[in-house]
Structures are given as structure tokens and as C-alpha cells.
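Below, each chain spelled out in residue letters.
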Amino acid sequence: MPEIFFLNGEYVQSDQARIPVEDRGYIFGDGIYEVVRVYPKTGPFLMKEHMERLAFSAKGIRLELPMSLEKIEEACLETMRRNEVTDGTIYLQITRGVAPRTHAFPLNAKPSILIFSRPYKGNLVELRAKGTSAITTTDDRWLHCNWKTLNLIPNCLAKQAAKEAGAFEAIFIRPDGTVTEGSSSNCFVITGGVIITHPADNYILRGISRDFVMKLAQERGLKVKEEKYPEEVLRTADEIFMTGTTTEVMPIIQLDGKPVGNGKIGPVTKTLMTAFDEAIGRK
Ligand SMILES: Cc1ncc(COP(=O)(O)O)c(C=O)c1O
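A short tour of the structure in this document, coming up. None of these values were measured; they are calculated from a predicted model.

### Remarks on the overall build of the chain
Phase 1: When its secondary structure is counted, the chain shows eight helices and 15 strands.
Phase 2: Since a compact globule built from 283 residues should have a radius of gyration of about 19 Å, the 19 Å found for the chain is in line with a globular shape.
Phase 3: Judged by the C-alpha coordinates and their principal axes, the chain covers about 55 × 40 × 35 Å.
Phase 4: In the chain, of all internal contacts separated by at least 6 residues, the share reaching a separation of at least 24 is 70%.
Phase 5: Total accessible area computed for the chain in this model is approximately 13,700 Å², and 54% of it derives from carbon and sulfur atoms.
Phase 6: In the chain, 36 side chains carry a positive charge and 36 a negative one; their mean positions are 1 Å apart.

This is the structure we're talking about:
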């Protein structure tokens, strides 16, 4: 079945979707995006939160949204329906639009909006059941990681390094030794029964799943601390897990080739994996 994309107000077949080469998303990476997970039992999961973050990112890069948030959400849902996606993702990106190349914002450009929706094809459930591995890498990103922008080169380089090392994820460590997050996920460590994650400041993307999993943890009486922690805490953690829209709750049982804790999925991670599955109606 050909895919249907939403492009600038119209539903078009993917092979007919065209963007002028001077779109600032193409020239400068001047845009923002969101990825929403769709589950059979919940439909689009945490949609409102994704829309709120989209508005936050737009404000950050001073981009005026081409449509109201309600209309954007409706277009996401319609794209999902037209592609008959019940277990998959919705991808949405908005760029500053088409204009002759010059760094300063164009006066008359209209932001471009693209939405597509696809079935989920990953092997997350199997990976999660076994636990997986991560490497560490230098966090050499800019200082506005809290905006979900298209400028993902450091993240792509980090993920590629992980892939080449046979690992699932790369965890960023800033030059001062602070652990921030994964290349496309948030990082949690558990030491002495306490769950620690980097605060939601400008050094990380405030993951929708991060906030959701923190809430699940608190509801279960688990202690969660949002504080900066050094590399040593990561390396000596009893448990590590990553969260993300497509990552969900992913146990990391090996870090840079060494076992995390006893090398098995820990009890806190297991509790949260189960809680997440319950929340999305998987079990
Ligand atoms: C850098 C980064 N951190 C964290 C996340 C997790 O965010 P969310 O839970 O909203 O998917 C992502 C998701 O793509 C990401 O790219």
C-alpha cells in the first residue's frame, strides 16, 4: 500500500511528496520535530504532551507554527488513520520554510509541515526481554538540547558508534564528566535503590517517556531523584535503563563491554518495564 503523507495542508502519496531544495530544513536543519508512538490499545500515546513539547521547541527556535496545535494534532490522527497504523509511530516535522539561502530568518517564508505514520517494525520486545548494551561517548552537542530540533548530527554519530560497537545506545558524557542522556533516549541509573536521572534542563531533551516513567516510579513508591551525576555513578550503578518513545523502558545490562551490576536486568527496571506494559495495555 503506498504511504500517505501530510504535506503543507494536503494528503499526498509519498512518492508525489515534494519539498523545494531551498527549504531551510534541508539547507540549515532549521526545524523541529516530534515522534509519537501509537499502540493498539491506547491509540496515539501521550499526544498532548508531544504537542506541548512541539510548541515549546517552536518557541525556542522562534518558529511560528503554520497551524494551530489542535489542527496539527488532527492532521497527525488523520495521517495515522489514512495509513491504517494501529501499532506504529507518527513522525511530524516543521521547518522554517522555503527562501533564498541566507542565515537570518526570511520575511515571507511559510513554515513547511510534514507528517507521516508507519507501522512499528522494531524488535524492542525481544531486546527488552534480554537486556541490551550501551557505550559511552563525549557529549559535544550544543546547549539547547531541550529543543527537539532537526540538528541531530552528534546524535547520529553517537548512534552509529554504538551500532559499530554492537551496542543498542550511546550514552553522552559531558567533558566535565556529567552523564546527560542517550543519543535518542533518556538515561536512568539506580544506586542503592534510588533512581537518578539528569534534571530537565537545557543539557537534555525532556523526554515524554522520561516524565511518564518517573511518574510510574513515584506511584509505585520508588524514590526518584533528578540530579546531575558523574560518570563514576553510571559505571558503578546497580541498574541502568533508557527511556524513549520507541525505546520505552530498555534495560542496559552491559556498559562499554562490562556488566552493569550483576549483569542481569535489575528489580527496579523490571518493575518499570511491567508498569509501562500495563499502561499501554500490552499485558
Ligand atoms: C536526545 C533524545 N533524548 C531523549 C529522547 C526521549 O524522548 P521521548 O521520550 O520524548 O521520546 C529522545 C527521543 O527521540 C532524544 O532524541
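### Describing helix 3 (residues 69-82)
Phase 1: In this model, helix 3 (14 residues) spans 20 Å end to end at C-alpha, consistent with the 20 Å of a helix rising 1.5 Å per residue.
Phase 2: Residues I72, E73, A75, C76, L77, T79 and M80 constitute the buried set of helix 3.
Phase 3: The positive-phi residue at the C-terminal boundary of helix 3 is E84, with phi of around 55°.

### Thoughts on the site of the ligand
Phase 1: Near the ligand there are 16 residues, and of these R53, E181, I208, S209 and T245 occur at the shortest range.
Phase 2: Contacts to the ligand include K148, whose side-chain N or O atom sits 3.1 Å from an oxygen atom.
Phase 3: A distance of 2.6 Å separates a nitrogen atom of the ligand from a polar atom in the side chain of E181.
Phase 4: Protein burial of the ligand: of its 390 Å² of free accessible surface, 92% is covered by the chains.
Phase 5: For the shell around the ligand, the secondary-structure elements that each account for two or more residues are strand 9 (179-182) and helix 6 (208-219).
Phase 6: A breakdown of the residues in the shell around the ligand according to their chemical character gives three nonpolar, 10 polar and three charged.

### With respect to the nonpolar core
Phase 1: The biggest cluster of nonpolar side chains holds 23 residues, and the ones touching the most others in it are F45, I195, F241, V249, L272 and F276.
Phase 2: Contributing elements (two or more residues each) for this core: strand 10 (186-191), helix 6, strand 14 (248-255) and helix 8 (267-279).
Phase 3: Counting residues per element, this core draws most heavily on helix 6, at six residues.
Phase 4: The contact partners of I195, leaving out residues within four places of it in the chain, are F188, V189, I190, A217, L222, K223, V224, K225, F241, V268 and L272.
Phase 5: By size, the runner-up hydrophobic cluster in this structure holds 22 residues, among which are I32, V38, A75 and I113.

### A short note on the pattern of salt bridges
Phase 1: Considering all chains together, one arrives at 25 salt bridges under this definition.
Phase 2: The shortest N-O distance in the salt bridge between E278 and R220 comes to 3.9 Å. Taken together, the residues E278 in helix 8 and R220 in the loop between helix 6 and strand 12 (223-226) connect sequence positions 58 residues apart.
Phase 3: For E278, a relative accessible area of 46% puts it in the partly exposed group.
Phase 4: The exposure class assigned to R220 is partly exposed, which follows from its relative accessible area of 36%.
Phase 5: We note a salt bridge from R282 to D277, for which the minimum N-O separation is 2.7 Å.
Phase 6: Classification of D277 by relative accessible area gives buried; the value is 2%.

### Let's talk about the state of the cysteines
Phase 1: As enumerated under the stated definition, the model contains zero disulfides in all.
Phase 2: Unpaired in this structure, C187 has its nearest cysteine sulfur neighbour in C145, at a distance of 14 Å.

Each value, and the rule that gives it
Residues numbered from 1 in each chain as written. Predicted model: local features only at pLDDT ≥ 70, side-chain atom pairs only at ≥ 80, totals over all residues. Heavy atoms only, no water. Helix = DSSP H or I, 4+ residues; strand = E, 2+ residues; numbered from the N terminus. Rg over C-alpha atoms; globule rule 2.2 N^0.38 Å. Contact = heavy atoms within 4.5 Å. Areas by Shrake-Rupley, 256 points an atom, 1.4 Å probe, with all protein chains shown as cover. Lys, Arg positive; Asp, Glu negative; His and termini not counted. Charge placed at Lys NZ, Arg CZ, Asp CG, Glu CD. Expected span 1.5 Å × (residues − 1). Buried < 20%, exposed > 50% of the residue type's maximum accessible area, 1.4 Å probe, protein only. Near = heavy atom within 4 Å. Polar contact = N/O pair within 3.5 Å; in protein donor to acceptor, adjacent residues only side chain to side chain. Nonpolar A, V, L, I, M, F, W, Y, C, P; charged D, E, K, R; others polar. Core = buried A, V, L, I, M, F, W, Y, C linked by side-chain atoms within 4.5 Å. Salt bridge = Lys/Arg side-chain N within 4 Å of Asp/Glu carboxyl O. Disulfide = S-S within 2.5 Å.

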